[in-house]
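Given next are the chains, with one letter for each unit.
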Amino acid sequence: MEDEGLADGLGPLEADGGPWVPGVDYLSGWREARATADRLNQALLAAGFELSELRASATTAGDGRGVVRLAGWPTAAERLACCLERAHGDGDGAAA
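All of these numbers come straight from a predicted model, not from anything done at the bench.

1. Section: the overall build of the protein chain
Here is step 1 of the chain: Of the regular secondary structure elements, the protein chain holds two helices and four strands.
Here is step 2 of the chain: From first element to last, N terminus to C terminus, the protein chain shows the α and β order β-β-α-β-β-α.
Here is step 3 of the chain: In the protein chain, buried positions account for 19% of the 96 residues.
Here is step 4 of the chain: For the protein chain, long-range pairs separated by at least 24 residues make up 45% of all intrachain contacts whose partners lie at least 6 apart in sequence.
Here is step 5 of the chain: In the form shown here, the protein chain has an accessible surface area of approximately 7,100 Å², with 57% of it arising from carbon and sulfur atoms.

2. Here's the deal with helix α1 (residues 26-46)
Each α-helix turn comprises 3.6 residues. Residues three or four places apart therefore point the same way.
Here is step 1 of the chain: Spanning 21 residues, α1 covers 30 Å between terminal C-alpha atoms, matching the ideal 30 Å at 1.5 Å per step.
Here is step 2 of the chain: All of the buried residues along α1 are Tyr-26, Gly-29, Ala-33, Ala-37, Asn-41 and Leu-44. Take α1 and look down its axis: the buried residues cluster within an arc of 100°, on one side only. Along α1, exposed side chains directed more than 90 degrees from the buried face belong to Arg-31, Glu-32, Arg-39, Gln-42 and Ala-46.

3. A closer look at the pairing of strand β4 (residues 66-72)
Here is step 1 of the chain: In the sheet, strand β3 (residues 54-60) pairs with β4 via seven bridges, with the strands oriented antiparallel. Bridge pairing in β4 places Ala-58 opposite Val-68.
Here is step 2 of the chain: What sits between the antiparallel neighbours β3 and β4 is a turn of five residues, in which Gly-64 has the positive phi angle 95°.

4. Thoughts on the nonpolar core
Here is step 1 of the chain: Leu-44, Phe-49, Leu-54, Ala-76 and Leu-80 together form the largest nonpolar core, which totals five residues.
Here is step 2 of the chain: Other than its neighbours up to four places away in sequence, Ala-76 contacts Phe-49, Glu-53 and Leu-54.

5. Concerning the pattern of salt bridges
Where charged atoms from two side chains of opposite charge come close, those side chains can pair.
Here is step 1 of the chain: Under the counting rule described, the total for this entry stands at three salt bridges.
Here is step 2 of the chain: Arg-34 is the salt-bridge partner of Asp-38, the closest N and O atoms lying 3.3 Å from each other. Of the two residues, Asp-38 and Arg-34 both sit in helix α1, four residues apart, roughly one turn of that helix.
Here is step 3 of the chain: A salt bridge links Arg-79 to Glu-53, with the shortest nitrogen-to-oxygen separation between them at 3.2 Å. Remark: Glu-53 occurs in the loop between α1 and β3 and Arg-79 occurs in helix α2 (residues 74-88); sequence separation between them is 26 residues.
Here is step 4 of the chain: Judged by its relative accessible area of 36%, Arg-79 falls in the partly exposed class.
Here is step 5 of the chain: Using a relative accessible area of 18% as the deciding quantity, one classes Glu-53 as buried.

6. Considering α2
Here is step 1 of the chain: Given a rise of 1.5 Å per residue, 15 residues ought to cover 21 Å, and the 21 Å separating the end C-alpha atoms of α2 matches this to within 8%.
Here is step 2 of the chain: In the stretch just after α2, Gly-89 is the one whose phi turns positive, near 105°.

Cut-offs and rules
- Residues numbered from 1 in each chain as written.
- Predicted model: local features only at pLDDT ≥ 70, side-chain atom pairs only at ≥ 80, totals over all residues.
- Heavy atoms only, no water.
- Helix = DSSP H or I, 4+ residues; strand = E, 2+ residues; numbered from the N terminus.
- Buried < 20%, exposed > 50% of the residue type's maximum accessible area, 1.4 Å probe, protein only.
- Contact = heavy atoms within 4.5 Å.
- Areas by Shrake-Rupley, 256 points an atom, 1.4 Å probe, with all protein chains shown as cover.
- Expected span 1.5 Å × (residues − 1).
- Arc of directions from axis to C-beta.
- Pairing = 2+ DSSP bridges.
- Core = buried A, V, L, I, M, F, W, Y, C linked by side-chain atoms within 4.5 Å.
- Salt bridge = Lys/Arg side-chain N within 4 Å of Asp/Glu carboxyl O.

See below:
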């Protein structure tokens, strides 16, 4: 019980909720995702977000590819959506 929470509930042989596959290079994918998550977090800070309300984190997929997850409070995600819409120029949320 004392280690609970250190790996977000994952067992010692699980990555991102699935079993680790011997021979798959999870570390390279995680490093790439970590660098990208750090860059995204810096951009969020520069845009006025607090990392306690919206944060990118790194993990890996079952095949070893890096994955960046963005999680946060709905109000912060709504603010981010508005920022992206304004940056896109149309403001109506439509994708180009």
